[in-house]
Amino acid sequence: MDTSELHSVPRNTGWIEVVCGCMFSGKTEELIRRLRRAEIAKQKVAIFKPRIDNRYSAQHIVSHSEQSLTSQVVEDASEIIELSKDAQVIGVDEGQFFKANLVDVCELLANKGKRVIVAGLDQDYRGKPFEPMPQLLAVAEYITKTLAICVVCGNPADRTQRKTHHADRVVVGAKDIYEARCRHCFEPPSE
Ligand code: ZN
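Here the structure is a predicted model, which is why all the values come from computation and not from measurement.

(A) Quick peek at the coordination of the zinc ion. Protein ligation of the zinc ion involves Cys-150 (SG), Cys-153 (SG), Cys-182 (SG) and Cys-185 (SG), the donor distances falling in the range 2.3 to 2.4 Å. Coordination geometry of the zinc ion: the 4 donor atoms subtend angles of 103 to 119 degrees at the metal centre, consistent with an arrangement described as tetrahedral. Within one chain, the residues donating to the zinc ion are spaced in sequence as C-x2-C-x28-C-x2-C. Placement of the pair is Cys-153 in the loop between strand S9 (148-149) and strand S10 (156-157) and Cys-182 in the segment after strand S12 (178-181), with a sequence separation of 29 residues.

Dropping the structure here:
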């Protein structure tokens, strides 16, 4: 749900939007789309991503379809508070790579009257909830779950299948390492 499409947009308050789903589901495209619309509406926008994600570009958030926006890289979510103090709309990409304090930071910013939009994976490669996204979903006003297409059967897909045998929760990569799969075709890794 894009709040610009709501009949009633919140007034005199901030709020949190979460865009979540598996890899290749269009989360970042949706985040970029919302932020671009805010920019067109002459709102001040600030965009952040965690340092861990070194794909493609250090200063841009880039979707797999190669749309991009200039973003700031932060080590910790707490840095966003100071860096976004002039912004009305705050975008955060790869929310799952932040620590648990991302939730408190988003709450604080929304409580200050800002629109906060976070995109991130809601499940890890095992199909388990990927913190802190579940906690963020619980406190967000608006939630969008984006679905990909299962590469095996063509069903709507909400799982990220890892094609290698790394046991680390975070292995950064794209189509070389991951693919989208539906519940039926997803094969959880053996522990
Ligand atoms: Zn499938």
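(B) Spatial organisation of the packing of aromatic side chains. Taken as a whole and assessed by the stated rule, the structure comprises 2 aromatic pairs. Ring geometry for Trp-15 against Tyr-142: centres 6.5 Å apart, planes inclined by 80 degrees, an arrangement best described as edge-to-face. In this pair, Trp-15 sits in strand S1 (residues 15-21) while Tyr-142 sits in strand S8 (residues 142-146), placing the two residues 127 residues apart along the sequence. Take Trp-15 and Tyr-142: they sit in the same class, and that class is buried. Here Phe-97 and Phe-130 contribute two aromatic rings whose centre-to-centre distance is 6.3 Å and whose plane-to-plane angle is 80 degrees, an arrangement assigned as edge-to-face. Here Phe-97 is found in the loop between strand S6 (89-92) and helix H3 (101-111), whereas its partner Phe-130 is found in the loop between strand S7 (115-121) and helix H4 (133-139), with 33 residues between them in sequence. Directly above the ring of Tyr-125 sits Arg-162, whose terminal nitrogen or CZ lies 3.7 Å from the centroid.

(C) Local environment of the sheet that holds S8. Strands sit in the order S5-S2-S6-S7-S1-S8 across an open sheet of 6 strands; the sheet is parallel. Bordering the open sheet on either side are strand S5 (72-74) and S8, each of which pairs with just one other strand. When strand polarity is set aside, the average angle formed by the axes of neighbouring strands in this sheet is 20 degrees. Pairing geometry for strand S2 (residues 45-50) and S6, over 4 bridges, is parallel. Paired with Ile-47 across the strands is Gly-91, a residue of S6. The sheet contacts of helix H1 (residues 27-40) involve S1, S2, S6, S7 and S8, and relative to S7 the element is tilted by about 165 degrees. Relative to the sheet, H3 contacts S1, S6 and S7, its axis offset from that of S7 by approximately 155 degrees.

(D) Seen up close, the nonpolar core. Ile-80, Leu-102, Val-118 and Leu-136 are the most contacted members of the largest nonpolar core, which has 23 residues in total. Among the secondary structure elements, those contributing two or more residues to this core are S1, S2, S6, H3, S7 and H4. In terms of residue count, H3 provides more of this core than any other element does, 6 residues in total. Beyond its immediate stretch of four places on either side in the chain, Ile-80 contacts Phe-48, Val-74, Ile-90, Val-92, Phe-98, Val-105 and Leu-109. By size, the runner-up hydrophobic cluster in this structure holds 10 residues, among which are Val-19, Leu-69, Val-89 and Ala-119.

About the thresholds
Residues numbered from 1 in each chain as written. Predicted model: local features only at pLDDT ≥ 70, side-chain atom pairs only at ≥ 80, totals over all residues. Heavy atoms only, no water. Donors = N, O, S within 2.8 Å, 3.2 Å for Na, K, Ca; no water. Tetrahedral: all angles 85-135°; square planar, octahedral: opposite > 155°, others 65-115°. Helix = DSSP H or I, 4+ residues; strand = E, 2+ residues; numbered from the N terminus. Phe/Tyr/Trp six-rings, centres within 6.5 Å; stacked < 30°, edge-to-face > 60°. Buried < 20%, exposed > 50% of the residue type's maximum accessible area, 1.4 Å probe, protein only. Lys NZ or Arg CZ within 6 Å of the ring centre and 35° of its normal. Pairing = 2+ DSSP bridges. Axes fitted to C-alpha atoms, helices over the stretch in contact; angles between N-to-C directions. Contact = heavy atoms within 4.5 Å. Core = buried A, V, L, I, M, F, W, Y, C linked by side-chain atoms within 4.5 Å.

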